[in-house]
Amino acid sequence: MRALLSGYYGKGNGGDEALLATLVQMLPPHVTPVVLSGNPEETRHRYHVESHNRMAVAPVLQALRSSDIFIWGGGSLIQDVTSTMSPFYYGGLMVLAQKMGLKTVAWAQGIGPLLRPQTRWLAEYSFGHCNTVTVRDRTSAALLADWQIPCVVAPDPVWALQSKPVPGLEDLPAPRVAVTLRNHPQLTEKRLANLTRALVEFQKATQAFILLLPFHKSEDLPIATAIQPQLPDVSQILLLEDPQLLKGVYQGVDMAIGMRLHSLIMAAAEGCRCFALSYDPKVNRLMEELDIPGWDLATLPDDPNVITRTWVQHYHNGIRLSSEQIQSLVDRALIHRHILTNV
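Here is a short report on the structure shown in this document.

The subject of this paragraph is the packing of helix α4 (residues 85–99) against helix α5 (residues 117–128). The geometry of α4 relative to α5 is characterised by a closest axis approach of 10 Å and an angle of 30° between their N-to-C directions. Remark: the crossing between α4 and α5 carries left-handed chirality. Residues P87, F88, G91, G92, M94, V95, Q98 and K99 of α4 form the contact with α5, whose own contacting residues are Q118, T119, L122, Y125 and S126. Residue classes in the contact of α4 with α5 are distributed as six nonpolar, six polar and one charged.

Attention shifts here to the sheet that holds strand β8 (residues 176–180). The parallel open sheet is built from six strands, whose spatial order is β10-β9-β8-β11-β12-β13. Bordering the open sheet on either side are β10 (235–237) and β13 (294–296), each of which pairs with just one other strand. Direction aside, neighbouring strands of the sheet carry axes that sit 15° apart on average. The pairing of strand β12 (residues 273–278) with β13 spans three bridges and is classified as parallel. Within β13, the position partnered with L277 by the bridge is W295. Its contacts with the sheet place helix α8 (residues 217–227) against β8, β9 (209–212) and β10, and it is angled at close to 155° to β10. Each of β8, β11 (255–258), β12 and β13 touches helix α12 (residues 304–317); the most contacted strand, β12, lies at about 150° to it.

Looking now at the environment of D254. Along the chain, the position of D254 falls in the loop between α9 (243–249) and β11. On a C-alpha basis, the gap between D254 and S126 in space is 42 Å, while along the polypeptide they are 128 residues apart. Apart from the residues lying within four places of it in its own chain, the contact partners of D254 are P175, R176, C272, R273, Y315 and R320.

All right, on to the pattern of salt bridges then. The full count for this structure, using the stated rule, is 14 salt bridges. Across the pair R46 and E42 runs a salt bridge whose closest N-O atoms are separated by 3.9 Å. Taken together, the residues span about one helical turn, with R46 and E42 both in helix α2 (residues 40–47) at a distance of four residues. Using a relative accessible area of 22% as the deciding quantity, one classes R46 as partly exposed. Judged by relative accessible area, E42 falls into the partly exposed class, the value being 25%. As a salt-bridge pair, R260 and D220 come within 2.8 Å of each other at their nearest N and O atoms. Taken together, the positions of R260 in the loop between β11 and α10 (261–269) and D220 in helix α8 put the pair 40 residues apart, joining distant regions of the chain. Residue class for D220 comes out buried when judged on its relative accessible area of 1%.

Calculation rules
Residues numbered from 1 in each chain as written. Predicted model: local features only at pLDDT ≥ 70, side-chain atom pairs only at ≥ 80, totals over all residues. Heavy atoms only, no water. Axes fitted to C-alpha atoms, helices over the stretch in contact; angles between N-to-C directions. Helix = DSSP H or I, 4+ residues; strand = E, 2+ residues; numbered from the N terminus. Left-handed = near helix turned anticlockwise from the far one by under 90°. Contact = heavy atoms within 4.5 Å. Nonpolar A, V, L, I, M, F, W, Y, C, P; charged D, E, K, R; others polar. Pairing = 2+ DSSP bridges. Salt bridge = Lys/Arg side-chain N within 4 Å of Asp/Glu carboxyl O. Buried < 20%, exposed > 50% of the residue type's maximum accessible area, 1.4 Å probe, protein only.

As far as function goes, none of this settles anything; it's purely spatial.
Put into structure tokens, the structure is as follows:
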């Protein structure tokens with residue numbers, strides 16, 4: 001059986017690459033994955049799979065014709081806030097696969113926000129004609145319930161991603177704190193300056209070594225590069241593209257400060273204390289579900305000293321997920337694998 005996998009793959013985003021890595025791990029052994037990617041050569045090399053350019057019409061059509069099942073491969077693919085084209089691209093592919101007679105699976109989806117009537121209609125239609133739908137949060141499940149579309153709810157599959165130790169990490173000074181910030185309109189110049197000042201004072205108060213961990217090179221690295229000179233000799237930028245290594249970083253980290261959803265999931269899964277800086281409802285959902293402290297960027301305190309004190313308090317007194325909680329989340333995330341096996 002051949003399964004065509006569609007997601008935001010090959011675009012340099014660590015979270016989406018982690019979803020792809022997990023999906024490839026979870027596919028039954030008799031299924032051959034074929035991946036639509038923004039960088040097919042890199043995807044072939046990293047995951048040892050057949051891969052085609054996601055925007056090349058002829059190869060995509062040929063891949064559809066030669067496949068038995070089509071899988072929307074996880075994450076916030078169906079939303080119209082960051083891109084109006086995204087839901088039409090993914091939704092259009094799903095409808096095409098359905099019209100061509102493939103089994104179709106919407107896998108580990110985080111649906112919305114959907115602000116436009118056209119995208120809501122396309123989402124309702126495409127999800128409604130899937131053979132199986134799994135979602136990663138209760139808000140997405142509630143939206144599907146409003147549309148009377150059955151689904152299975154389970155934690156994000158990346159909870160179950162196998163991590164790999166990062167060579168040389170143990171040679172860096174300890175304790176360590178990982179920081180992941182991304183470019184976003186809510187991360188204004190003033191807010192970034194306040195976060196940087198707070199981070200400098202936090203490092204002085206805790207004597208922690210700061211790991212600046214970009215998840216998406218084009219969006220995160222410039223911010224990390226701007227912060228690093230403010231922390232000379234007590235920080236380092238770690239640019240890792242293998243999602244299993246990204247998750248492995250948190251094996252050697254005591255606390256994570258993160259904007260990106262999967263930076264927080266990976267950190268929590270490895271037993272780190274987490275502090276969230278939310279720019280998106282999906283991050284708020286995770287904060288609510290796991291009781292992770294943090295701020296919406298829109299309500300970030302104007303006083304860097306307040307930020308520093310809050311971080312220091314969490315560093316010393318914050319509660320990590322217990323091993324039992326982590327194992328429960330991993331076990332429930334494996335529901336996504338059971339669904340694939342059943343399909």
